[in-house]
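This is what each chain is made of:
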Amino acid sequence: MVEESLNSASAEQSNPKYIKSVSTSDREILEDILTLYIKKDTYDLDPTFSKGVIYKGMKEPPLKFDLSPCRDDVKQSDCRSLPLEDSSIGSIVFDPPFLFGNHGSFKTNGNAMVKRFSHFKSFEELESMYKDSLKEFNRILKLKGYLIFKCQDLTDQKLVMTHCFLHDWAITAGFYPEDLFIKIATAGRIYNPAQKQRHARKFHCYYYVFKKVKDFTPTQISEQPTPASSSDQNSAS
């Protein structure tokens, strides 16, 4: 078994195209997904483009939208209602906000993460936005088109594994989870030192590779269980 593992590791190191599920680079993950699934040199669409930081060093999608554009080549639009035809897009990269709640480390407007990223008032607000976006992406994607969905879990007094909920919402919306990549943070994470640590601090986020396998029809997408409310989290912790 040891010899087999050593041979496997040696083969991995000698093959520069060996694609792993874990990386410290957005670019590496996005390029690996292009190689494995998209078979093109870029993605078709980013509906929450912002400043396009994750594309540094690589070709940007030709279609770029944002609710509040930061560049002239980015068009204004809500990702839940895009000015695109049905079944017209082959691939989407979606990097929405992941922070939520007005308690714990997000109580003050001075929080560094809140300043850098938008955030939702509650998990229910995040859930609604994610589900509506999934329905819209199902509409504009071609059959067997790909949605690359970047997400992150949140620990603020109580752990909420958003990526687990997202998995179920996506399947209900007509997608199949083809793959999952994990990006490891190399810089220190921002946290509230006044709070007692109750869970492992999160140094990673996820890139889901979802394939559209059927058209969305309204069913149970709004009936999935949700985690405890903010008030419940406070009383439970």
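Reading guide: rules and limits
- Residues numbered from 1 in each chain as written.
- Predicted model: local features only at pLDDT ≥ 70, side-chain atom pairs only at ≥ 80, totals over all residues.
- Heavy atoms only, no water.
- Helix = DSSP H or I, 4+ residues; strand = E, 2+ residues; numbered from the N terminus.
- Expected span 1.5 Å × (residues − 1).
- Buried < 20%, exposed > 50% of the residue type's maximum accessible area, 1.4 Å probe, protein only.
- Core = buried A, V, L, I, M, F, W, Y, C linked by side-chain atoms within 4.5 Å.
- Contact = heavy atoms within 4.5 Å.
- Salt bridge = Lys/Arg side-chain N within 4 Å of Asp/Glu carboxyl O.
- Pairing = 2+ DSSP bridges.
- Phe/Tyr/Trp six-rings, centres within 6.5 Å; stacked < 30°, edge-to-face > 60°.

(A) Local environment of helix 4 (residues 123–140). Helix length check: helix 4, at 18 residues, gives a terminal C-alpha distance of 26 Å against a target of 26 Å (1.5 Å per residue), a fit within 8%. Where helix 4 is concerned, the buried positions are F123, L126, E127, M129, Y130, K131, S133, L134, E136, F137, N138 and I140.

(B) Molecular detail of the nonpolar core. The biggest cluster of nonpolar side chains holds 33 residues, and the ones touching the most others in it are L134, F137, L147, F149, L166 and F175. At the level of secondary structure, the elements contributing two or more residues to this core comprise strand 5 (89–94), helix 4, strand 8 (141–151), helix 5 (162–172) and strand 12 (204–212). Per element, the largest residue contribution to this core is seven residues, and it comes from helix 4. Filtering out sequence-adjacent residues up to four positions away, F149 remains in contact with F94, P96, Y130, L134, L166, Y206, Y207, Y208 and F210. By size, the runner-up hydrophobic cluster in this structure holds 18 residues, among which are Y43, M58, I148 and F181.

(C) Up close: the pattern of salt bridges. As enumerated under the stated definition, the model contains 16 salt bridges in all. Between R27 and E31 there is a salt bridge; the shortest N-O distance is 3.0 Å. Here the residue R27 and the residue E31 both occupy positions in helix 2 (residues 26–38), the gap between them amounting to four residues, near one helical turn. R27 sits in the partly exposed class, given a relative accessible area of 36%.

(D) The pairing of strand 11 (residues 175–184), seen in detail. Across two bridges, the pairing between strand 1 (residues 22–23) and strand 11 is parallel. Directly across from V22, in strand 11, lies its bridge partner I182. Judged from the nine bridges that link them, strand 11 and strand 12 form a sheet pairing that is antiparallel. What sits directly across from P177, in strand 12, is F210.

(E) Geometry of the packing of aromatic side chains. Counted by the stated rule, this structure contains nine aromatic pairs. An angle of 65 degrees between the planes, with centres 5.2 Å apart, marks the rings of Y130 and F149 as edge-to-face. Of the two residues, Y130 sits in helix 4 while F149 sits in strand 8, which places them 19 residues apart along the sequence. Between the aromatic rings of Y208 and F210, the centroid separation amounts to 4.6 Å while the plane-to-plane angle is 20 degrees, which identifies the pairing as stacked. With respect to class, Y208 is no different from F210; both count as buried. Following the ring pairs from residue to residue traces out a cluster consisting of F94, Y130, F137, F149, F165 and W169.

(F) Broad picture of the pairing of strand 12. For strand 12, the buried fraction is high: eight of the nine residues fall into the buried class. Sheet topology note: the strand 8/strand 12 ladder contains six bridges and is antiparallel. Across the sheet, the residue bridging to F149 is Y208, located in strand 12.

(G) Structural context of the environment of Y37. Following the sequence through the fold, Y37 ends up in helix 2. Take Y37: its relative accessible area is 17%, and that puts it in the buried class. As for Y37 and Y146, which are separated by 109 residues in sequence, their C-alpha atoms are 8.0 Å apart. Setting aside its immediate chain neighbours within four residues, Y37 contacts Y146, E178, D179 and V209.

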